[in-house]
Amino acid sequence: MLVLVAMFVNGLATNPGWEWSTFAAYFASETIVRALGTTIQLTVLGTVTGFALGVVLAAMRLSHNGFLRSVAWTYIWAFRSIPLIVQLLFWFNIAYLYQTISFGLPFGPSFGSVSTNDLFGALGAAVLGLALHQAAYAAEIIRGGILAVDEGQREAAAALGIPRLRQFTKVVLPQAMRSILPNAANEVISLFKGTSIVSVLAIPELFYQVQVIYGRNSRVVPLLLVATVWYIVLTTLLSVGQFYVERHFAKGSSRTLPPTPLQRLRSRLTAYTVRPAGAHSGHGRTRHPETAEVTR
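Residues numbered from 1 in each chain as written. Predicted model: local features only at pLDDT ≥ 70, side-chain atom pairs only at ≥ 80, totals over all residues. Heavy atoms only, no water.

The name given to the chain in an unreviewed UniProt entry is Amino acid ABC transporter permease, and the organism recorded there is Terrabacter lapilli. The annotation that UniProt attaches to the chain under Sequence similarities (unreviewed entry) is "Belongs to the binding-protein-dependent transport system permease family." (UniProt positions renumbered as here; feature names shortened; annotations may be inferred.)

Below, the structure written as structure tokens:
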């Protein structure tokens, strides 16, 4: 494996096809940074709106009302069945079906109307499509996390006279978050990378802007590398955030929290520092104060 890694690194350093000078020229350019901001904006709006709607859909699926369960199931079935690119193109062309949207009484008089073209631009259609698509998956993730909590937890909370809303927010939800977070983080990361699909709407997000640039100068590989590195950097930041959020919600499930990467590094440095002193004093092993691991 070390040989393969060394060969790969050597290829990155010596192969002129990577064109690192072109990569460096465009990596932090104003155009790319602006496009990256659009990608982040799409991710944040799609995630917040999608998970907010997902909470409502999950509550409907867990409801005792059969009609609400049917509506939620139909929504999830429909939006998971239709490809995302089709949904985006549909919302972008919604004005073909509805030229105006009226506000008023159902089947009654209208108090006002707005042009659909003014209401749904390219960015609005992209956010709407991403959010509605994300909501279908978020609903199932949230529902699965809530169902993973033992029914006895709710029964015990009810027996103590805790109000139903407080039962959910203080007893059920903190335990459900341990099941929800890993899958939810995967969905957010997938949405972040999936924003590249909105390039079909000519929105200047990261991947679309990279395509425009290499369409002009024909430097395909280094510009694809620019997009790749930015996706890796931001996905890594999301993964780090996921680690600390999961660590926060693990407080109630374990007596000792898993060490952070910084704590692991400090632990190893301390172990290497303490080892010679332990060997000199004749002791065959030392115990680390943070992790309580025995190091021979």
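Read on for the rest.
Along the backbone of the chain there are 12 helices and 4 strands. Counting the 296 residues in the chain, one finds 31% classified as buried. Considering only residue pairs separated by 6 or more positions, the chain has 64% of its internal contacts joining residues 24 or more positions apart. Taken as a whole, the chain presents about 18,400 Å² of accessible surface, with 64% of it coming from carbon and sulfur. (Helix = DSSP H or I, 4+ residues; strand = E, 2+ residues; numbered from the N terminus. Buried < 20%, exposed > 50% of the residue type's maximum accessible area, 1.4 Å probe, protein only. Contact = heavy atoms within 4.5 Å. Areas by Shrake-Rupley, 256 points an atom, 1.4 Å probe, with all protein chains shown as cover.)

As a further point, take the nonpolar core. One finds Ile 32, Leu 206, Val 210 and Trp 230 to be the most contacted residues of the largest nonpolar core, which totals 15 residues. Only helix 3 (30-61), helix 10 (206-217) and helix 11 (220-249) provide two or more residues apiece to this core. Of all the elements, helix 11 adds the most residues to this core, at 7 residues. In contact with Ile 32, not counting residues within four places along its chain, are Tyr 26, Phe 27, Leu 206, Val 210, Ile 213, Val 226 and Trp 230. (Core = buried A, V, L, I, M, F, W, Y, C linked by side-chain atoms within 4.5 Å.)

Further remarks concern the packing of aromatic side chains. Applying the stated criterion across every chain yields a total of 9 aromatic pairs. Arranged with centres 6.3 Å apart and planes meeting at 25 degrees, the rings of Trp 18 and Trp 20 form a pair that is stacked. Residue Trp 18 is classed as partly exposed on the basis of its relative accessible area, which comes to 24%. Taking the centre distance of 5.2 Å and the plane angle of 85 degrees together, the rings of Phe 243 and Tyr 244 count as edge-to-face. Looking at Tyr 244, the relative accessible area reads 43%, which means it is partly exposed. Three or more aromatic residues joined by ring pairs form one cluster here, namely Trp 18, Trp 20, Phe 23, Phe 27 and Trp 230. (Phe/Tyr/Trp six-rings, centres within 6.5 Å; stacked < 30°, edge-to-face > 60°.)

A few words now on the pattern of salt bridges. Enumeration according to the criterion identifies 5 salt bridges in this entry. Salt-bridge contacts for Glu 19 lead to Arg 219; the nearest nitrogen and oxygen are separated by 2.9 Å. Placement of the pair is Glu 19 in the loop between helix 1 (2-14) and helix 2 (20-27) and Arg 219 in the loop between helix 10 and helix 11, with a sequence separation of 200 residues. Judged by its relative accessible area of 36%, Arg 219 is partly exposed. Put simply, Glu 30 and Arg 34 hold a salt bridge, and the shortest N to O gap is 2.9 Å. Placement of the pair is Glu 30 and Arg 34 together in helix 3, with a separation of 4 residues, close to one helical turn. Relative accessible area serves as the criterion here: at 49%, Arg 34 is assigned to the partly exposed category. Overlapping salt bridges bring together Arg 61, Glu 140 and Arg 143 as one network. (Salt bridge = Lys/Arg side-chain N within 4 Å of Asp/Glu carboxyl O.)

Let us look at the UniProt feature "transmembrane region" (unreviewed entry) in the chain. Here the UniProt feature "transmembrane region" (unreviewed entry) sits at residues 37-60, 72-99, 119-139 and 220-245. Span residues 37-60 is 100% helix and 0% strand, its end C-alpha atoms 34 Å apart. The distance from the first to the last C-alpha atom of residues 72-99 is 28 Å, and the span holds 68% helix and 0% strand.

Before going further, it helps to examine unusual backbone geometry. A positive phi is found at Glu 19, a non-glycine position, where the angle reads about 50 degrees. The exposure class of Glu 19 is partly exposed, given its relative accessible area of 25%. The phi dihedral of Ser 218 falls on the positive side, at around 65 degrees, and the residue is not glycine. Looking at Ser 218, the relative accessible area reads 54%, which means it is exposed.

An α-helix turns once every 3.6 residues. As a result, residues three or four positions apart point the same way. Of the residues that open helix 8 (residues 151-159), the one with a side-chain oxygen 2.7 Å from the backbone nitrogen of Gly 152 is Asp 150. Gly 161 lies just past helix 8 and shows a positive phi near 80 degrees. (Polar contact = N/O pair within 3.5 Å; in protein donor to acceptor, adjacent residues only side chain to side chain.)

Moving on, we come to a nonpolar patch on the surface. Together, Ile 82, Ile 85, Val 86, Leu 89 and Val 200 give the surface a local cluster of nonpolar side chains, amounting to about 350 Å² of exposed area. Relative to the helices and strands, Ile 82 resides in the loop between helix 4 (66-81) and helix 5 (84-92). The class of Ile 82 is partly exposed, set by a relative accessible area of 37%. (Patch = residues over 30% accessible without salt bridge, like charges linked within 9 Å, V, L, I, M, F, W, Y side chains within 5 Å.)

This part takes up the side chain of Ser 199. Here Ser 199 shows up in the loop between helix 9 (164-194) and helix 10. Setting aside residues up to four positions removed in sequence, Ser 199 forms contacts with Glu 205, Phe 207, Tyr 208 and Gln 211.

So, about the packing of helix 9 against helix 11. Look at helix 9 against helix 11: their axes get within 10 Å of each other, and the N-to-C directions meet at 175 degrees. On the basis of the axis angle, helix 9 is roughly antiparallel to helix 11. Residues Pro 174, Met 177, Arg 178, Leu 181, Pro 182, Ala 185, Val 188, Ile 189, Phe 192 and Lys 193 of helix 9 pack against Trp 230, Tyr 231, Leu 234, Thr 235, Leu 238, Ser 239, Gln 242, Val 245, Glu 246 and Phe 249 of helix 11. (Axes fitted to C-alpha atoms, helices over the stretch in contact; angles between N-to-C directions. Parallel < 35°, antiparallel > 145°, perpendicular 65-115°, else oblique.)

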